[in-house]
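For reference, the chains in residue letters:
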Amino acid sequence: KESKAIVLEEDKSLPAAVKINVRQALSFRNQRVKVPGWVHRLRVQGKDFMFIVLRDGTGILQCILADRLCHTFDAITLTLESTVMLYGVLNEVPEGKSAPGGHELIVDYWEIIAKAPGGSEAVTNKVNSESDPSVMYTQRHLVIRSDTHSATLKLRSYVLKAFRTHFDSIGYLEVTPPCLVQTMVEGGSTLFSLPYYGETAYLTQSSQLYLESCVPAMGSVYTISESYRAEKSNTRRHLSEYSHCEIEAGFIDFNDLLNIIENMICGVTDILLNDPVSAAFIKQLNPDFEAPQRPFMRMRYSDAIIWLNEHGIKREDGQDFEFGDDIPESPERLMTDTINRPIMLTHFPGPIKSFYMPKDKEDPRVTESVDLLMPNVGEIVGGSMRISNYIDMIAAFKSAGLAPENYYWYLDLSKYGAFPHGGLGLGIERFIAWIANRYTIRECCLYPRFPGRCQP
Ligand code: 4AD
């Protein structure tokens with residue numbers, strides 16, 4: 001009864017509190033501030049002490065409430081995820097103690113902004129680490145507030161920025177191609193189709209063909225756009241919608257393409273490690289991370305087949321691998337994890353690769369193609385040179401069973417000023433899974449889409 005009656009009032013004789021966010025805390029040491037945020041953690045010690053870890057999206061701050069501040073009705077009934085405004089002085093934590101950022105807020109007044117439910121509706125009952133994965137995906141809007149998940153999403157923002165910084169530094173321009181298309185790039189079996197004003201359209205699998213068409217207009221280009229794959233398989237490295245970073249460069253040869261890939265991975269990694277904020281997220285999520293060493297290992301597909309057989313890794317049917325076989329995810333991962341460094345696997349046979357890949361001049365059984373394989377994740381980049389000769393291109397369309405009429409604009413590329421060119425696609429979520437050591441790429445995007453899940 002008595003506690004309900006307690007009403008707090010701000011002491012107007014104190015210096016006015018400046019509203020800050022947690023990220024700014026260091027520059028407000030020893031000053032009186034007010035900080036809005038969510039109750040991330042809450043510990044009540046006896047009757048007269050409460051410790052709130054406040055989260056505001058920019059960081060977390062340890063806050064101490066004592067005496068009367070803990071006796072109000074709002075204090076006694078405070079729940080996790082409630083929003084509050086805390087007023088007080090930001091002190092350096094006493095020697096021998098630690099707190100995020102090295103400071104703590106000694107609260108002298110506080111207000112509740114909105115209360116989150118407690119009891120059976122409490123956030124801890126909706127999500128906890130023991131929940132099965134499907135609950136975690138259903139409640140992902142709440143899950144992303146956790147230390148690990150929010151760090152992964154913040155790192156993602158830095159990763160996207162780092163790719164843009166890298167391409168900017170080498171003079172590639174960004175383009176934003178359409179996602180609604182009437183052509184396919186990577187095979188008909190993974191196309192999502194939808195009605196389009198009485199016609200059929202598809203969600204794009206790759207912006208590659210559009211990027212190719214930009215090179216004569218803009219020089220080398222890149223995009224970071226969504227790509228869509230109706231992947232039937234439920235694996236930890238496949239999404240139905242993913243962020244696809246693609247580049248296309250003109251007047252290069254296959255060796256240049258391999259160097260572009262190596263420079264991109266090493267350049268982006270350096271940018272992330274040189275920024276103290278993104279470096280801290282990598283340290284938090286993947287404490288043992290080390291930047292990859294140059295040069296990357298280069299291995300021909302035919303040597304990978306020999307490697308698999310020499311190491312007793314068999315096909316699904318128990319037989320040895322043969323030249324021409326697709327190397328599925330699990331043997332590829334075994335090989336990459338055993339070698340334990342980035343591998344640029346090159347020169348895949350034509351029949352297991354895409355229609356637009358040119359044959360190798362010395363060995364026409366194989367194409368000028370490359371996959372970059374990373375330990376713990378497997379393939380994160382797929383790239384190749386492109387057929388640039390009109391006659392060869394028409395033949396490639398024929399053997400892939402594609403109607404050239406639908407690709408008239410693409411075919412014009414090899415008609416009006418054909419040029420040697422190549423490019424690549426990198427799955428942003430796979431890159432994040434590699435650098436942040438996440439088990440599945442589903443954790444590396446905001447709301448993952450995979451078979452059976454299109455919510456939240
Ligand atoms: O190897 P892919 O299919 O190559 C292409 O789409 C080319 N047209 C790219 C190009 O040359 N412009 O895909 C490229 C990369 C893969 O290495 C992988 O990282 C990612 O895209 N990827 C996926 N990521 C998540 N979920 C999926 N279902 C993915 N499919 C491909």
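In the annotation of an unreviewed UniProt entry, the entry for the protein chain reads asparagine--tRNA ligase, and the organism field reads Smittium simulii.

Caption draft 1: Quick peek at the environment of phenylalanine 355. Within the secondary structure, phenylalanine 355 is located in the loop between strand 14 (343-346) and strand 15 (369-374). Once you skip the residues sitting within four places of it in the chain, phenylalanine 355 turns out to touch Ala396, Phe397, Ala400 and Leu402.

Caption draft 2: Representation of the UniProt feature "domain: Aminoacyl-transfer RNA synthetases class-II family profile" (unreviewed entry) in the protein chain in the model. The UniProt entry lists residues 153-448 under the feature "domain: Aminoacyl-transfer RNA synthetases class-II family profile" (unreviewed entry), expressed in the numbering used here. Regarding residues 153-448, the helix share stands at 35% and the strand share at 21%, and the terminal C-alpha atoms are separated by 12 Å.

Caption draft 3: Representation of the site of the ligand within the structure. Close contacts around the ligand come from 24 residues, with Ser206, Gln208, Gly382, Gly425 and Gly427 the closest. Of all the elements in the fold, those that place two or more residues in the shell around the ligand are strand 12 (241-250), strand 16 (378-385), strand 17 (421-427) and helix 14 (428-435). Looking at side-chain class alone, the shell around the ligand contains eight nonpolar, nine polar and seven charged residues.

Caption draft 4: Here's a closer look at the pairing of strand 6 (residues 103-114). Pairing of strand 4 (residues 60-66) with strand 6, which is carried by three bridges, proceeds in the parallel orientation. Looking at strand 6, one finds that isoleucine 64 is bridged to isoleucine 106.

Caption draft 5: Region of the structure containing the sheet that holds strand 8 (residues 180-181). Here we have three strands laid out as an open sheet, ordered 8-10-9, and antiparallel in their pairing. On the outer flanks of this sheet lie strand 8 and strand 9 (192-196), each paired with one strand and no other. When strand 8 meets strand 10 (residues 199-203), the two strands line up antiparallel, connected through two bridges. Each residue of the ladder has a partner; that of valine 181, found in strand 10, is tyrosine 202.

Caption draft 6: How the structure looks around the nonpolar core. Within the largest apolar cluster, 59 residues are counted, with the highest numbers of intra-cluster contacts made by Val159, Ile261, Met344, Leu372, Ile380, Phe431 and Ile432. The greatest single-element share of this core, amounting to nine residues, is contributed by helix 8 (residues 254-274). Residues Ala17, Trp38, Tyr87 and Leu90 belong to the second largest nonpolar core, which totals 24 residues.

Caption draft 7: Region of the structure containing the domain arrangement of the protein chain. Parsing the protein chain into structural domains produces domain 1 (2-121) and domain 2 (140-444). Look at where the C-alpha atoms of domain 1 and domain 2 centre, and you get two points 47 Å apart.

Caption draft 8: Looking closely at the sheet that holds strand 14. The strand order across the open sheet built from eight strands is 7-11-12-17-16-15-14-13, with neighbouring strands paired in mixed fashion. Each edge of the open sheet carries a strand with a single partner, namely strand 7 (173-174) and strand 13 (297-300). Its contacts with the sheet put helix 8 on strand 12, strand 13, strand 14, strand 15, strand 16 and strand 17, and the angle it makes with strand 16 is roughly 150°. The sheet strands contacting helix 11 (residues 329-339) are strand 13, strand 14, strand 15 and strand 16, and the helix crosses strand 16 at an angle near 100°.

Caption draft 9: Fine view of the environment of arginine 229. If you trace the backbone, arginine 229 turns up in the loop between strand 11 (221-228) and strand 12. Given 22 C-beta atoms within a 10 Å radius, arginine 229 is considered buried. The sequence separation of arginine 229 and phenylalanine 192 amounts to 37 residues, and the corresponding C-alpha distance is 7.0 Å. Sequence-distant contacts of arginine 229, that is, excluding residues within four places in its chain, are made with Thr190, Gln205 and Ser240.

Caption draft 10: Expanded view of the pairing of strand 2 (residues 32-45). As paired elements, strand 1 (residues 18-19) and strand 2 share two bridges and run parallel to each other. Following the sheet pairing, lysine 19 is matched in strand 2 by lysine 34. One ladder, built from seven bridges, connects strand 2 with strand 5 (residues 83-92); its direction is antiparallel. By the bridge assignment, lysine 34 is partnered in strand 5 with tyrosine 87. Bridge count between strand 2 and strand 3 (residues 49-55): seven bridges; the pairing is antiparallel. Paired with valine 39 across the strands is leucine 54, a residue of strand 3.

Caption draft 11: Structural detail: the environment of valine 268. If you trace the backbone, valine 268 turns up in helix 8. Contacts of valine 268, omitting those with residues within four sequence positions, involve Ala162, Phe163 and His166.

Caption draft 12: Spotlight on unusual backbone geometry. Each neighbour pair has its own omega, and for arginine 294 with proline 295 the value is -10°, a cis peptide bond. Relative to the helices and strands, proline 295 is located in the loop between helix 9 (276-285) and strand 13. The omega torsion across glutamine 455 and proline 456 is -15°, close enough to zero to call that bond cis. Within the secondary structure, proline 456 is located in the segment after helix 14. Positive phi, close to 45°, is recorded for tyrosine 197, a residue that is not glycine. We note that phenylalanine 251 has phi near 55°; this positive angle belongs to a residue other than glycine. Secondary-structure assignment places phenylalanine 251 in the loop between strand 12 and helix 8.

Reading the values: rules and limits
- Residues numbered from 1 in each chain as written.
- Predicted model: local features only at pLDDT ≥ 70, side-chain atom pairs only at ≥ 80, totals over all residues.
- Helix = DSSP H or I, 4+ residues; strand = E, 2+ residues; numbered from the N terminus.
- Contact = placed C-beta atoms within 7 Å.
- UniProt positions renumbered as here; feature names shortened; annotations may be inferred.
- Near = placed C-beta within 6 Å.
- Nonpolar A, V, L, I, M, F, W, Y, C, P; charged D, E, K, R; others polar.
- Pairing = 2+ DSSP bridges.
- Core = buried A, V, L, I, M, F, W, Y, C linked by C-beta atoms within 7 Å.
- Buried ≥ 20, exposed ≤ 12 C-beta atoms within 10 Å, placed from the backbone.
- Domains from an automatic or database assignment.
- Axes fitted to C-alpha atoms, helices over the stretch in contact; angles between N-to-C directions.

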